[in-house]
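Spelled out from the first residue to the last, the chains are:
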Amino acid sequence: IPSGRFIMGSPANEEGRYDDEGPQHFVTIAEPFALGRYPVTFEEYDAFAAATGRGPASDESWGRGRRPVINVSWDDAQVYVQWLSQQTGQPYRLPSEAEWEYACRAGTTTPFHCGPTISTDQANYDGNYTYGSGQKGVYRQQTVPVGSFPANAFGLHDMHGNVWEWCADVWHNSYDGAPTDGSAWVEGGDQGRRVLRGGSWGIRPRILRSAYRG
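Predicted, not measured: the structure shown is a model, and the values here were computed from it.

Peer 1: What is the right way to look at the overall build of the protein in this model?
Peer 2: On a plain count of helices and strands, the protein comes out with 3 helices and 4 strands. Ordering the α and β elements of the protein from the N terminus gives β-β-α-α-α-β-β. A globule of 214 residues ought to have a C-alpha radius of gyration of about 17 Å, and the protein, at 17 Å, matches this closely. Seen through its principal axes, the protein has C-alpha atoms that stretch 50 × 40 × 30 Å. Counting across all 214 residues of the protein, residues that qualify as buried make up 48%.

Peer 1: Sorry, what's going on with the packing of aromatic side chains here?
Peer 2: Remark: the centre distance and the inter-plane angle together describe each pair of aromatic rings, the angle taken between the planes. The full count for this structure, using the stated rule, is 11 aromatic pairs. With 6.1 Å between their ring centres and 40° between their planes, W164 and Y212 make a pair best called tilted. Here the residue W164 occupies a position in the loop between helix 3 (97-105) and strand 3 (165-171), and Y212 occupies one in the segment after strand 4 (190-197), the gap between them amounting to 48 residues. The class of W164 is partly exposed, set by a relative accessible area of 29%. Residue Y212 is classed as buried on the basis of its relative accessible area, which comes to 14%. Chaining the aromatic ring pairs together yields one cluster made of Y45, F48, Y80 and W83. Lying over the aromatic face of Y38, R66 brings its terminal NZ or CZ to 5.3 Å of the ring centre. The ring of Y129 carries the charged tip of R204 above its face, separated from the ring centre by 3.9 Å.

Peer 1: Please explain the pattern of salt bridges as it appears in this structure.
Peer 2: Any two side chains of opposite charge can pair, so long as their charged atoms come close to each other. Under the defined criterion, the tally for this structure stands at 13 salt bridges. With its nearest N and O atoms 3.1 Å apart, the salt bridge here joins R197 to E97. Residue R197 is located in strand 4, and its partner E97 is located in helix 3; the two are separated by 100 residues in the primary sequence. Judged by its relative accessible area of 3%, E97 falls in the buried class. A salt bridge links E101 to R197; the shortest N-O distance between them is 2.8 Å. With E101 in helix 3 and R197 in strand 4, this residue pair connects regions lying 96 residues apart in the sequence. The network of salt bridges with shared partners includes E97, E101, R105, R197 and R213.

Peer 1: For this particular structure, what's the right way to read the pairing of strand 2 (residues 25-29)?
Peer 2: A regular strand places its side chains on the two faces of the sheet in alternate fashion. Burial along strand 2 is one-sided: the face carrying H25, V27 and I29 is buried and the face carrying F26 and T28 is not. One ladder, built from 5 bridges, connects strand 1 (residues 4-8) with strand 2; its direction is antiparallel. Bridging from a neighbouring strand, G4 pairs with I29 of strand 2.

Peer 1: Looking at this structure, how should I read helix 3?
Peer 2: Given 3.6 residues per helical turn, the α-helix brings residues three or four places apart onto the same face. Of all 9 residues making up helix 3, 9 are buried, and the element is well covered by its neighbours. Where helix 3 is buried, its residues touch strand 1, strand 2, strand 3 and strand 4.

Peer 1: I keep staring at helix 2 (residues 74-88) and nothing clicks. Help me out?
Peer 2: Here helix 2 is 15 residues long and its end C-alpha atoms lie 21 Å apart, about the 21 Å a rise of 1.5 Å per residue gives. Residues of helix 2 that are buried include every one of W74, D76, A77, Y80, V81, W83, L84 and S85, and no others. Looking at the buried positions of helix 2, the neighbouring elements they touch are helix 1 (42-52), strand 3 and strand 4. Immediately beyond the C-terminal end of helix 2, within one or two residues, lies G89, with a positive phi of roughly 75°.

The rules behind the values
- Residues numbered from 1 in each chain as written.
- Predicted model: local features only at pLDDT ≥ 70, side-chain atom pairs only at ≥ 80, totals over all residues.
- Heavy atoms only, no water.
- Helix = DSSP H or I, 4+ residues; strand = E, 2+ residues; numbered from the N terminus.
- Rg over C-alpha atoms; globule rule 2.2 N^0.38 Å.
- Buried < 20%, exposed > 50% of the residue type's maximum accessible area, 1.4 Å probe, protein only.
- Phe/Tyr/Trp six-rings, centres within 6.5 Å; stacked < 30°, edge-to-face > 60°.
- Lys NZ or Arg CZ within 6 Å of the ring centre and 35° of its normal.
- Salt bridge = Lys/Arg side-chain N within 4 Å of Asp/Glu carboxyl O.
- Pairing = 2+ DSSP bridges.
- Contact = heavy atoms within 4.5 Å.
- Expected span 1.5 Å × (residues − 1).

Listed below in structure tokens is the structure:
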């Protein structure tokens with residue numbers, strides 16, 4: 001992911017916005033960084049679980065393999081990236097919330113990286129609901145294999161929908177006092193909660209917006 005500068009958060013007039021998506025502020029990503037092209041798959045996570053003796057994550061009987069891993073806590077994700085770092089000799093970690101949004105937007109300022117609206121041909125969500133001028137679509141009622149939809153301009157898949165994605169940050173109710181250098185915000189806030197991004201298969205499209213925070 002290239003270095004750059006972007007406006008984090010949503011403008012006050014964005015349809016479906018929540019107050020915790022502001023205030024908008026500039027964030028500078030000074031150095032390039034790497035991010036997984038796809039969400040972590042069951043294939044990848046099962047290899048970790050087998051190597052470390054951890055119990056496998058439930059797939060809800062939907063299938064494993066190239067489907068994104070589900071039922072993984074933030075603590076599980078932390079142990080996984082630590083193990084991955086040990087296995088590869090590379091420093092893997094969860095992205096900061098700012099890095100995630102920067103990577104999701106991929107240079108765009110619209111509600112979605114694909115434009116002002118989204119369709120179920122572009123992401124996996126509850127197609128019974130629409131956003132903006134969008135049309136109703138399909139509701140698959142489960143995850144789909146990673147890479148089933150087009151990537152964004154940075155080559156990343158499933159940044160909208162399919163599964164929620166963990167970030168490193170502690171939850172804060174707004175961006176008042178947030179870092180502007182792309183680092184994870186781990187001071188203050190609600191130390192018992194962490195940030196989720198991107199929405200999932202069972203969510204209406206307003207929750208898939210680039211600025212939405214869970």
